[in-house]
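Chain by chain, the residues run as shown.
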Amino acid sequence: MIKVENLHKSFGKLEVLKNISTSIKEGEVVAIIGPSGSGKSTFLRCMNLLEEPTSGHIFVKGEDVTSKKTNIMKVRQNLGMVFQHFHLFPHKSVLENLTYAPVSVKGVSKKDAEAKAMDLLEKVGLLEKANEYPSRLSGGQKQRVAIARALAMDPEVMLFDEPTSALDPEMVKEVLEVMKSLAHTGMTMAIVTHEMGFAREVADRVLFLDNGMLVEDSPPQEFFTAPKSERAKVFLEKML
Ligand code: ADP
Ligand code: MG
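Below, the structure is looked at part by part. All figures in this text were calculated on a predicted structure; none of them were measured in a lab.

## Concerning the overall build of the chain
1) Next: Scanning the chain from terminus to terminus reveals nine helices and 10 strands.
2) Next: Projected onto the principal axes, the alpha-carbon positions of the chain cover approximately 50 × 45 × 30 Å.
3) Next: Across the 240 residues that make up the chain, the buried fraction comes to 52%.
4) Next: Nonlocal contacts in the chain, meaning residues at least 24 apart in sequence, comprise 65% of its contacts between residues at least 6 apart.
5) Next: In the structure as shown, the chain presents an accessible area of about 11,500 Å², 51% of it carried by carbon and sulfur atoms.

What follows is the structure, given as structure tokens:
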């Protein structure tokens, strides 16, 4: 589904991603783990072209999205993104948050977009909040709306950047549950997270980034019980 080849990203003189190569298969759930500042968000943002790679290639279903000819909007439509701080439209209702892009970007009819939105809201357990505004929702509810909104575009891949890091502890679980059931539907997912238990349980693979380098790329049982690198060992000792 996604193939990353020799990806480099610099901001001015600061080299943030250093020669990253990996791939994500259809239906695979990949957890991206690493210390703060290691390049996790930048890596995710390069995948949907919120950042322009400095060099290297990213292929989505065989298409080189780093090519100049790429339609960036099309790529982004195919890769749903969920952020730490939700980024909902504050002046739109929950339902409008879900229908806005399908109607205005994809040209879906309002009726069809609403039917799909209601279906998704039911899946994330928020049907009764359809006409509510984001300011009246809890953090966990906002994040579930953000997930439903991303899914409303029918993406083939979902990217999550620390989706539970801004939540009060009691709301983390409800969001992780939604992500877990999404994983069980066969969705291809890349998730930056500090939730080690979740990564261990749900991910098929763990990518460990440190200082812009992909230090480990292994199944969770291997990564969590026998990390190969000293850096991952030190990181895990702090986290667990
Ligand atoms: P992580 O998500 O792992 O915490 P980031 O990808 O956000 O790491 O950041 C990696 C490094 O890149 C950090 O040193 C950060 O300060 C820097 N960085 C990120 N975005 C920008 C930007 N737009 N301009 C300059 N530096 C940036
Ligand atoms: Mg980050």
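## Observations concerning the pairing of strand β3 (residues 29–33)
1) Next: Burial runs high along β3: five of the five residues are buried.
2) Next: Alignment of β3 against strand β8 (residues 188–192), held across four bridges, turns out to be parallel. Among the inter-strand pairings, Val29 is bridged to a residue of β8, identified as Met189.
3) Next: Of the pairings in the sheet, the one linking β3 to strand β9 (residues 205–210) comprises four bridges and is parallel in character. Residue Ile33 lies in a different strand from β9, and its bridge partner there is Phe208.

## Some details on the site of ligand 1
1) Next: Around ligand 1, the neighbouring residues are Phe11, Leu14, Val16, Pro35, Ser36, Gly37, Ser38, Gly39, Lys40, Ser41 and Thr42.
2) Next: Note that an oxygen atom of ligand 1 is positioned 2.8 Å from one of the side-chain N or O atoms of Lys40.
3) Next: Look at ligand 1: alone it shows 560 Å² of surface, and the protein chains cover 59% of it.
4) Next: Those elements that place two or more of their residues in the shell around ligand 1 are β2 (14–24) and α1 (40–47).

## Brief notes about the sheet that holds strand β1 (residues 2–11)
1) Next: Across the sheet, which stays open at both edges, the four strands sit in the order β2-β1-β4-β5 with antiparallel pairing between neighbours. Two strands in the sheet have a free side with no partner beyond their single neighbour: β2 and β5 (63–64).
2) Next: In this sheet, β2 lies alongside β1 in antiparallel orientation, the contact comprising seven bridges. Bridging across to β2, Lys3 finds its partner in Ser23.

## Things to note about the packing of helix α3 (residues 94–104) against helix α4 (residues 110–123)
1) Next: Viewed as axis vectors pointing N to C, α3 and α4 meet at an angle of 130°, and their least axial separation amounts to 9 Å. As far as their axial angle goes, α4 and α3 are oblique. When you trace α3 past α4, the crossing you get is right-handed. Contacts between α3 and α4 involve Val94, Leu95, Leu98, Thr99, Pro102 and Val103 from the first element and Lys110, Ala113, Glu114, Ala117, Met118, Leu120 and Leu121 from the second.
2) Next: Split into classes, the residues belonging to the contact of α3 with α4 amount to 10 nonpolar, one polar and two charged.

Rules and cut-offs
Residues numbered from 1 in each chain as written. Chains lettered and ligands numbered in written order. Predicted model: local features only at pLDDT ≥ 70, side-chain atom pairs only at ≥ 80, totals over all residues. Heavy atoms only, no water. Helix = DSSP H or I, 4+ residues; strand = E, 2+ residues; numbered from the N terminus. Buried < 20%, exposed > 50% of the residue type's maximum accessible area, 1.4 Å probe, protein only. Contact = heavy atoms within 4.5 Å. Areas by Shrake-Rupley, 256 points an atom, 1.4 Å probe, with all protein chains shown as cover. Pairing = 2+ DSSP bridges. Near = heavy atom within 4 Å. Polar contact = N/O pair within 3.5 Å; in protein donor to acceptor, adjacent residues only side chain to side chain. Axes fitted to C-alpha atoms, helices over the stretch in contact; angles between N-to-C directions. Parallel < 35°, antiparallel > 145°, perpendicular 65-115°, else oblique. Left-handed = near helix turned anticlockwise from the far one by under 90°. Nonpolar A, V, L, I, M, F, W, Y, C, P; charged D, E, K, R; others polar.

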